[in-house]
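Fold and geometry: a report
Here is how the chains run, residue by residue.
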Amino acid sequence: MKDKIQKLLIANRGASAVRIIHTCRDRKIDAISVFSSADRMAHHVFMSESAIHIGEPPPAESYLNMENIISAAKKANADAIHPGWGFLAENHEFAQLVVDSGFIWVGPSPKVIELMGNKADAKKIANEANVPTVPGIDNVNSTEEVRKWMEKTKVKLPILIKAAAGGGGKGMERVDKIEDLEQAFEKVKSEGAKSFGDDTVITEKYIKNGKHIEVQIVADQHCNIVHLFDRECTIQRRNQKIIEEAPSSALDDNLREKLFATAIRLMRKIGYSSAGTVEFLFDQDTKEFYFLEVNTRLQVEHGITELITGRDIVGVMLDVALGKRLPFKQPDIKLNRYAMEVRINAEDPKTFNPSFGTITRLKFPQGPNVRVISGVYEGADIPPYYDSLLSLLMTAGQDRIGAIKAMEHALGKSIRIEGIKTIAPLLLSIIQHKLFLSGRFTTDFIEDNLTDLISTIKVTSGEDEALKIARYLAERSSLGPTVKM
Amino acid sequence: MERNIIFKPGMTPRELVRSALSLPGIAVTSTGMRDAGQSDFKNRIRIIDLASLAPFYNEMGLFSAECHGGARWHVGIMNRREDPFEEISILRERMPGVLLQTLVRETNMWGYRPYPKNIIEYAVDKVDIDVWRCFSFLNDIRNMRTVMETVMNKGKLFEPSISFTQVNWATNEYYLGVVKDIVELCGGVEEIILCIKDMAGVGSPKRIGNLFDAIKQKYPDLVIQYHRHITDGLALPAILAAAQNGAKIIDAEEDSLTRFYGQAPILGVKAYLEEFGISTNLNGNAVKGAVQKVRDWIGHYDWAESPFKGSDYNVTTHRMPGGAFPSSFEQAENGGFLNLMPYILEMMSLYNKVIKYFDVTPGSQITWVTCSGIINRYSLEGGIGSVKHIIELFNKFVNENNQDLNSMNEEEQDELFALFKSAPEDFRQLILGSYGKLPMGWPKDWVYKSTFGSEWEDKIKERKDLSPIDSLDDEDIELLRANLEDAIGRKSTEEELILYLMHPKDTLGYITFREKYGKTPLVIPTNEWINGFQKTEDNVEFEFQGKPYRIELVSVGAEHSGVIHTVIKCNNKIRVYQVNTERAKKIEIRTAKGPNDVGAPINGNLWRIGNAKRGALKVGDIVHKGEEIANLEAMKMENVVVSPQDGCIKEICAKLNDSVQEGQLLFIVGDCDHKA
């Protein structure tokens, strides 16, 4: 085994690649980026030591193209490959190919990825490890099966239709009316095939009044497993997380300890190493939690855990990938702050339609409790081929309210993105909502309160108002006088 | 000369009337902020310029400042992109000691149609004005009732106006009858002032002196104001005659604003009246300051002046009001018939003798559109010769034969019976009584025959004698609010709703402009407002939202494919603006608008036309409401496009794999043609 990674190839783009480059810089590791034709001028390309073109814009031809990525790693003479989050991060074939090609794979073993990648299998193992799971059926071939299952087990609507290989909120549909079942089933099947190359479908009961709570785990190859506390990712839109907090405000100490023990038990059973997350659905009414899935990768929201524990999770991943032992033990991990993260997505804050184009102005907040991971720079083009995440904005505080206050200022007064639309105004309107402040919200929060949230969106700032005046003058100066003289 | 300001906001109508009665000499209302601009500058003088006069007005010792109403409202939202509510609040702040005055057209308010009672009450209630001058172009005092009641209930000063003209039928007896109606309507003379509104500027000094004397004799405690335009060139002596015979308040404007059709020059009025021993109670220095201030910016409005220059004594026959002069000439110029203006004015002189009312909004517009329409029609059909012929014929009929049809031969009669055949709808409504009673009764029957053809007798039966106030049903304000909010896609403010009630279409244009350009109209100086910047480093500096701003031109690029890139520095930061020229606007993509149009819900790639089940769709295929007819991919997500109705695909407006924009027209779906 090598003692140090000299060159790390990052098989990803945008904020995900940028985050890993941050750690490379701290550790004086050469970061090698890859890019599609659409990303030739992307932020991650310029941040890294060198960058290699891997194909055309559609993901299947570039960021999902395993051969091209392996060739790039060979060409760059890399020691190791980090997949980031998304794309090939949870693809066990790719992990195996990396290992077989002689590179260090920064992540859990291909076997574990495969095991947890199939939602049906993961559920089975969880049950074996005495981890409670949401009632449902696997390998659904027709909507008829769904109807029969509902009848037999007396499960009522709504239900969830999921792509077995899905993740990150993609390939998941909630069915509220039985008439919509067919369309949802077909959509999930088609999206599963398209985005994950697997059209297997599973179906689950929908837990109302649920909170999404997850446990961050780090483990080495020597059976040491440590949790880095929990995160709450209840604020979601169409199963896409957009606001995360750490730790959750919904758990008391007993529940929290129980949750950690359950997560570690499961990870120990599957022989996990590297960083990973065990996701649970927490039923606020019954105080029960149900296993959802294991994310066998670095998660988008890992940064807030880093803020509250002071640990560099990407750094830990690099260490354990080399076979090193975890640099800390459970008692060393202490909470020192509360933190929250919002995802700055390039979408219309009212309609959620994706927004493409050039970022003409970009200014991020600063302050003692602010952290930014940005996948873009001022002047960058947002291509239409990839997901809409631009940047991650995190704040911390001595308590939850402190973190929220810092975020309120960051979103309301400091951040400035022009040229494309982002959901920043909606995020602000969420964190100012009384239900959010009280902590009494569920995964349906956005859907249930959308009208309310949209009505409180402040569309323009003082600067916007001044720029409207500048626009008038620009047009008048270009087009000539309004009147005949 | 320092003096205490006598008339202030917050005084009750009764206190204002008493103060006016006990005032030695007269007081002055300045029209510099409204009618001056309307009469000679097409209402284009911007509030940013007018507000520079406010500190002088605050010291001037005026009775009031007319700064609101009339057509300033409509032109404000249409051209200056200012709304009257903003104007009031700016002026209130800068001249808190001055009574603000509006001009309101009884049931027509600040719009051009009669409004029902509930809308009048709603609007009057929300406008912060101290003095409400209200006129009826028919002198149909019944029409003022709702405005009067709402204003007086608010504790504001109501100023009913008599539309004045000088003509044989408009006798003292006639006017005293109107005054009597007014006094009865308002329950006495203690809480109102009366205005004699000489809106065309036609009152001869003797006639005016005689009329004021007659009213004063009958109503010694009535405060009377004289509003007079200067069109005929005889304003100053007429004003003196009014003041000598009991007028208490006189309208005037800054000498530097005075052109040909507005009010008399204030310094001239002051000097002239004072020479005759009548004090104007004005602070001379403040007046001079305002007159001088105007010269700072009036040069920016040369373009807005009427192309018809000079006083016009002929106004005493054609009677076009000062406020309508510039806009009428502008229309004639834009319509390419400026050369016909003398004939149109002559036509108007004759028309006035046939259909008797007062030429002021909306009557003046009806006169203008009807008469210019007739002259244009004759000009198109037979040139100037034809125009001269009809004027000669009409003149003979009206002036020589006193509208006696028997004195005209058959051919001439036929021509007269066709004279109003193309008259505008407003004209038809007017003679059917929709605006109220005409002051001298309905026109003769031949006018109806000429307007309505064979239906004329039925139409006369339809004619109403009721005031529109009594005949119009209330409108559903909440429904109108919902329409407005639908159109702008958000909640509206009360102010926006009132604008919308008066001018629905132009208010939408105004709101769109302000959403795009914000407070530009209120902060940018007039030169830059009209011309933009001319050269690099040209700039404007202003304070906005409590911070200093400086906007500067760096460069204007050349035009490529209809687009100009313009570089601007805003508070030292470089900004590049893409400006679309007219050419670019022509090649814009089609957007979905109508109910049959299906637009793209998002920006994305049109990867499927049709759906998984039935495959591709083509023109003519039958589709069902809610059926997926296309699919867009964006950010790895599929987005279904569904048919909004049952029907057939009429047109497919995009190609497979096109990158389409949000709102771009994808399909037109319509009813199927059932051909056998």
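Residues numbered from 1 in each chain as written. Chains lettered and ligands numbered in written order. Predicted model: local features only at pLDDT ≥ 70, side-chain atom pairs only at ≥ 80, totals over all residues. Heavy atoms only, no water.

Quick look at the environment of Phe260 of chain B now. Residue and element names in this part refer to chain B. As for its position among the elements, Phe260 is in the loop between β8 (249-253) and β9 (264-265). Classification of Phe260 by relative accessible area gives partly exposed; the value is 23%. As for Phe260 and Ala36, which are separated by 224 residues in sequence, their C-alpha atoms are 9.9 Å apart. Contacts of Phe260, omitting those with residues within four sequence positions, involve Asp40, Ile230, Thr231, Lys309, Gly310 and Ser311. (Helix = DSSP H or I, 4+ residues; strand = E, 2+ residues; numbered from the N terminus. Buried < 20%, exposed > 50% of the residue type's maximum accessible area, 1.4 Å probe, protein only. Contact = heavy atoms within 4.5 Å.)

Accessible area lost during the coming together of the parts is what is often quoted as the interface size. When the domains of chain B are assigned, the result is domain 1 (13-301), domain 2 (335-471), domain 3 (533-588) and domain 4 (589-670). The C-alpha-based centres of domain 3 of chain B and domain 4 of chain B are spaced at 37 Å. (Domains from an automatic or database assignment.)

The omega torsion of the bond from Leu157 of chain A to Pro158 of chain A falls at 0°, within 30 degrees of zero and hence cis. For Pro158 of chain A, the position within the fold is in the loop between α7 (143-153) and β7 (159-167). The omega torsion across Thr361 of chain B and Pro362 of chain B is -5°, close enough to zero to call that bond cis. Topologically, Pro362 of chain B is positioned in the loop between α16 (341-354) and α17 (363-400).

Domain boundaries in chain A define domain 1 (7-106), domain 2 (135-205) and domain 3 (210-463). Between the C-alpha centres of domain 1 of chain A and domain 2 of chain A there is a distance of 33 Å.

Here the focus is the pairing of strand β22 (residues 665-670) of chain B. Residue and element names in this part refer to chain B. Burial runs high along β22: six of the six residues are buried. Sheet topology places strand β14 (residues 597-599) next to β22; three bridges connect them, and they run antiparallel. In the strand pairing of β22, Gly599 is matched with Leu665. Note that strand β20 (residues 647-652) and β22 share four bridges and pair antiparallel. Across the sheet, residue Glu651 finds its bridge partner in β22, namely Ile668. (Pairing = 2+ DSSP bridges.)

All names here are of chain B. Under the defined criterion, the tally for this structure stands at one disulfide over all chains. Sulfur-sulfur distance for the disulfide between Cys648 and Cys672 comes to 2.1 Å. Because the sign of the S-S torsion sets the handedness, a value of about 100° for the bond joining Cys648 and Cys672 places this disulfide among the right-handed ones. Taken together, the residues Cys648 in strand β20 and Cys672 in the segment after β22 connect sequence positions 24 residues apart. Judged by relative accessible area, which is 8%, Cys648 ranks as buried. (Disulfide = S-S within 2.5 Å.)

So, about the side chain of Asp83 of chain B. Residues and elements named next belong to chain B. Of note, Asp83 is situated in the loop between α5 (72-80) and α6 (84-94). A polar side-chain atom of Asp83 sits 2.9 Å from the main-chain amide nitrogen of Glu86. Discounting residues that sit within four places of it in the chain, Asp83 has contacts with Ile77, Leu499 and Tyr510. (Polar contact = N/O pair within 3.5 Å; in protein donor to acceptor, adjacent residues only side chain to side chain.)

Residue and element names in this part refer to chain A. Taken across its seven residues, strand β2 (residues 30-36) has six buried, putting it largely inside the fold. Sheet topology places strand β1 (residues 7-10) next to β2; four bridges connect them, and they run parallel. When the sheet's bridge partners are listed, Leu9 is paired in β2 with Ile32. One ladder, built from five bridges, connects β2 with strand β3 (residues 50-55); its direction is parallel. Among the inter-strand pairings, Phe35 is bridged to a residue of β3, identified as His53.

Residues and elements named next belong to chain A. Their axes nearest at 10 Å, the elements helix α6 (residues 119-128) and helix α9 (residues 253-270) cross at an angle of 110°. Taken together, α6 and α9 sit at an angle that is classed as roughly perpendicular. Handedness of the α6/α9 crossing: right-handed. From α6, Ile125, Ala126 and Glu128 reach across to α9, where they touch Leu266, Lys269 and Ile270. (Axes fitted to C-alpha atoms, helices over the stretch in contact; angles between N-to-C directions. Parallel < 35°, antiparallel > 145°, perpendicular 65-115°, else oblique. Left-handed = near helix turned anticlockwise from the far one by under 90°.)

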